[in-house]
Amino acid sequence: MVKFKLLVMSKQNWKRVKHILKEDNFPKGYKGAAVPFIDKIKDNILKVYFSSRDKNNRSYIFWATFNIVDNFSLLNMSTKPEFNLGNIGEFDENGSMGCQIFYKDNEKYLYYIGWNLGVSTPFRNSIGAVKWDNKLNQFKKIYRGPLLDRSIYDPCFVASHHIIKIGSEYLMYYLSCDEWIDIDGKLTHKYNIKIATSSNGVKWNPTGKIAIDFKSSYEYAISVPRVIFEDGIYKMWYSYRGSKEIPTYRIGYAESLDGVTWKRKDNLVHLDVVSNSWESEMICYPYIFNHLGEKYMLYNGNGYGMTGIGIVKLKK
């Protein structure tokens with residue numbers, strides 16, 4: 001019966017709700033609001049984390065709060081980054097980009113991408129985490145080094161990710177860069193989504209198992225996976241780009257019975273760019289959440305987040 005349900009998943013008609021964070025609302029002195037994700041919703045207040053860049057193009061993590069019942073009106077904005085970048089030579093020396101708030105044993109973690117500038121390539125990414133300190137009322141680093149880095153399965157770098165728990169095991173779906181290639185004279189990264197496992201949610205073991213792979217020879221980038229368990233199946237949304245018809249990011253979708261083997265069903269996502277708007281060129285970096293019986297998606301538009309954050313709602 002579950003397999004039959006998997007095959008007849010209905011189309012997802014997403015209705016635009018609001019462009020909730022615009023360029024004139026970014027933290028002072030910073031630009032962009034990339035890769036949005038949320039903390040737990042309390043009293044209809046939505047706390048959205050995102051990453052912005054300073055004048056030197058270094059990325060930092062900020063947050064903004066919104067009133068859900070007042071059409072997602074902006075309530076408050078953090079005025080300084082959640083934590084400092086790493087020291088010289090460390091994995092997050094040149095930037096941090098948040099990916100997920102993750103609760104384990106009633107403790108709050110923020111998993112993020114740390115990045116370094118490259119020499120032969122523009123950059124190299126790794127995955128780290130900070131932990132919330134109730135006494136200091138702030139995030140503190142767990143380790144100075146990354147929790148997941150390049151490996152025998154991930155030769156170039158690892159980046160955007162999402163963690164779930166299946167039974168006693170934690171699974172991390174993460175961006176894995178296998179190579180840098182030349183596309184029309186431009187050095188371009190080629191990455192898909194792979195799986196790492198953990199027994200404690202902190203120490204990770206890459207498996208080499210590909211969750212979401214390229215669907216054509218033109219596709220070269222699949223990023224920011226978001227996974228939920230619903231209706232007896234695992235559902236994943238992500239960004240993908242690289243085709244003759246659509247070279248810029250769009251939001252894709254896949255399903256799985258076990259969380260390991262996935263089937264892409266990108267055509268089910270009915271959400272596209274809008275001409276002459278903040279999302280006229282691309283839509284990317286989804287984050288799915290439920291509230292009061294409604295399913296919502298946060299996402300970015302043009303410039304990989306440089307024009308802000310939007311929110312859509314799934315039509316029933």
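Residues numbered from 1 in each chain as written. Predicted model: local features only at pLDDT ≥ 70, side-chain atom pairs only at ≥ 80, totals over all residues. Heavy atoms only, no water.

Peer 1: Can you walk me through the overall build of the protein chain in this structure?
Peer 2: For the protein chain, the count of helices and strands is two helices and 21 strands. A compact globule built from 316 residues would reach a C-alpha radius of gyration of about 20 Å, and the protein chain, at 19 Å, matches this within 12%. Scored against the burial criterion, the 316 residues of the protein chain give a buried share of 54%. For the protein chain, the share of sequence-separated contacts (at least 6 apart) that also reach a separation of at least 24 residues comes to 50%. Here the protein chain holds 44 positive side-chain charges and 32 negative ones, and the gap between their average locations is 3 Å. (Helix = DSSP H or I, 4+ residues; strand = E, 2+ residues; numbered from the N terminus. Rg over C-alpha atoms; globule rule 2.2 N^0.38 Å. Buried < 20%, exposed > 50% of the residue type's maximum accessible area, 1.4 Å probe, protein only. Contact = heavy atoms within 4.5 Å. Lys, Arg positive; Asp, Glu negative; His and termini not counted. Charge placed at Lys NZ, Arg CZ, Asp CG, Glu CD.)

Peer 1: Help me understand the packing of aromatic side chains, please; the structure alone is not making it clear to me.
Peer 2: Each aromatic ring pair is summarised here by two numbers: the centre-to-centre distance and the angle between the ring planes. In this structure the tally under the stated criterion is 22 aromatic pairs. When the ring of Phe157 is compared with that of Trp180, the centres are 6.0 Å apart and the planes differ by 55°; the resulting orientation is tilted. Of this pair, Phe157 sits in strand 10 (residues 157-166) while Trp180 sits in strand 11 (residues 169-183), placing them 23 residues apart in sequence. We note that Phe157, like Trp180, is buried. Taken together, Tyr30, Phe50, Tyr60 and Phe62 form an aromatic cluster joined through their ring pairs. The ring of Phe214 is capped by Lys190, whose NZ or CZ atom sits 5.1 Å from the centre of that ring. (Phe/Tyr/Trp six-rings, centres within 6.5 Å; stacked < 30°, edge-to-face > 60°. Lys NZ or Arg CZ within 6 Å of the ring centre and 35° of its normal.)

Peer 1: Could you clarify how one ought to interpret unusual backbone geometry in this entry?
Peer 2: A negative phi holds for most residues other than glycine; trans holds for most peptide bonds. Within the chain, Asn44 stands out as a residue other than glycine whose phi angle is a positive 60°. Its identity as a non-glycine residue notwithstanding, Phe72 has a phi of 55°, on the positive side. Within the secondary structure, Phe72 sits in the loop between strand 4 (59-67) and strand 5 (73-77).

Peer 1: Can you walk me through the pairing of strand 7 (residues 107-117) in this structure?
Peer 2: Regular strands show a simple pattern: their side chains alternate between the two faces of the sheet. For strand 7, the tally of buried residues reaches nine of eleven residues, placing the bulk of the element in the interior. By the bridge criterion, nine bridges tie strand 6 (residues 95-104) to strand 7 in an arrangement that is antiparallel. Paired with Met97 across the two strands is Ile113, which belongs to strand 7. Between the end of strand 6 and the start of strand 7, which pair antiparallel, lie two residues, with Asp105 showing a positive phi angle near 55°. Summarising the sheet, strand 7 and strand 8 (residues 123-133) pair through nine bridges and their orientation is antiparallel. Looking at strand 8, one finds that Tyr111 is bridged to Ala129. Hairpin connection between strand 7 and strand 8: a loop of five residues separates the two successive antiparallel strands. (Pairing = 2+ DSSP bridges.)

Peer 1: Sorry, what's going on with the pattern of salt bridges here?
Peer 2: Here the idea is simple: oppositely charged side chains can pair when their charged atoms come close. For the coordinates displayed, the defined rule picks out 18 salt bridges. One salt bridge connects Arg144 with Glu90, and the closest N-O pair in it is separated by 2.6 Å. With Arg144 in the loop between strand 9 (138-141) and strand 10 and Glu90 in the loop between strand 5 and strand 6, the pair connects residues that are 54 residues apart, well separated along the chain. The exposure class assigned to Arg144 is exposed, which follows from its relative accessible area of 59%. Accessibility expressed as a relative area gives 11% for Glu90, which makes it buried. Glu230 is paired through a salt bridge with Lys295; the nearest N and O atoms lie 2.7 Å apart. Placement of the pair is Glu230 in strand 14 (residues 221-230) and Lys295 in strand 20 (residues 294-300), with a sequence separation of 65 residues. Residues participating in the shared-partner salt-bridge network are Lys215, Glu219, Arg264 and Asp266. (Salt bridge = Lys/Arg side-chain N within 4 Å of Asp/Glu carboxyl O.)

Peer 1: How should I be thinking about the confidence of the model for the protein chain in this particular structure?
Peer 2: A low pLDDT means the predicted coordinates there should not be read in detail. With 97% of its residues at a pLDDT of 70 or more, the protein chain shows a mean pLDDT of 95. Segment residues 1-8 is flagged for pLDDT under 50; beyond a separation of four residues in sequence, or across chains, it makes eleven contacts in the model. (pLDDT = per-residue confidence, 0-100.)

Peer 1: Please explain the sheet that holds strand 19 (residues 284-291) as it appears in this structure.
Peer 2: Two modes of strand pairing occur in sheets, parallel and antiparallel, and in both the strands are linked by backbone hydrogen bonds. A sheet is described by the order of its strands in space; here five strands give the open sequence 18-1-21-20-19, paired in mixed fashion. Edge strands, defined here as strands with exactly one partner in the open sheet, are strand 18 (269-270) and strand 19. For strand 19 and strand 20, the ladder comprises six bridges, and the chain directions are antiparallel. Note that in strand 20 the partner of His291 across the bridge is Glu294.

Peer 1: Would you mind going over the nonpolar core with me for this structure?
Peer 2: Nonpolar side chains in soluble globular proteins tend to end up buried together. Grouped together as the largest cluster of nonpolar side chains are 33 residues, with contacts concentrated most on Leu21, Leu110 and Leu298. Those elements that provide at least two residues to this core are strand 1 (12-21), strand 2 (31-38), strand 3 (45-53), strand 4, strand 7, strand 19, strand 20 and strand 21 (309-314). Once residues within four sequence positions are removed from consideration, Leu110 is found in contact with Phe37, Tyr49, Ile61, Gly98, Gln100, Ile101, Gly128, Ala129, Val130 and Phe139. (Core = buried A, V, L, I, M, F, W, Y, C linked by side-chain atoms within 4.5 Å.)

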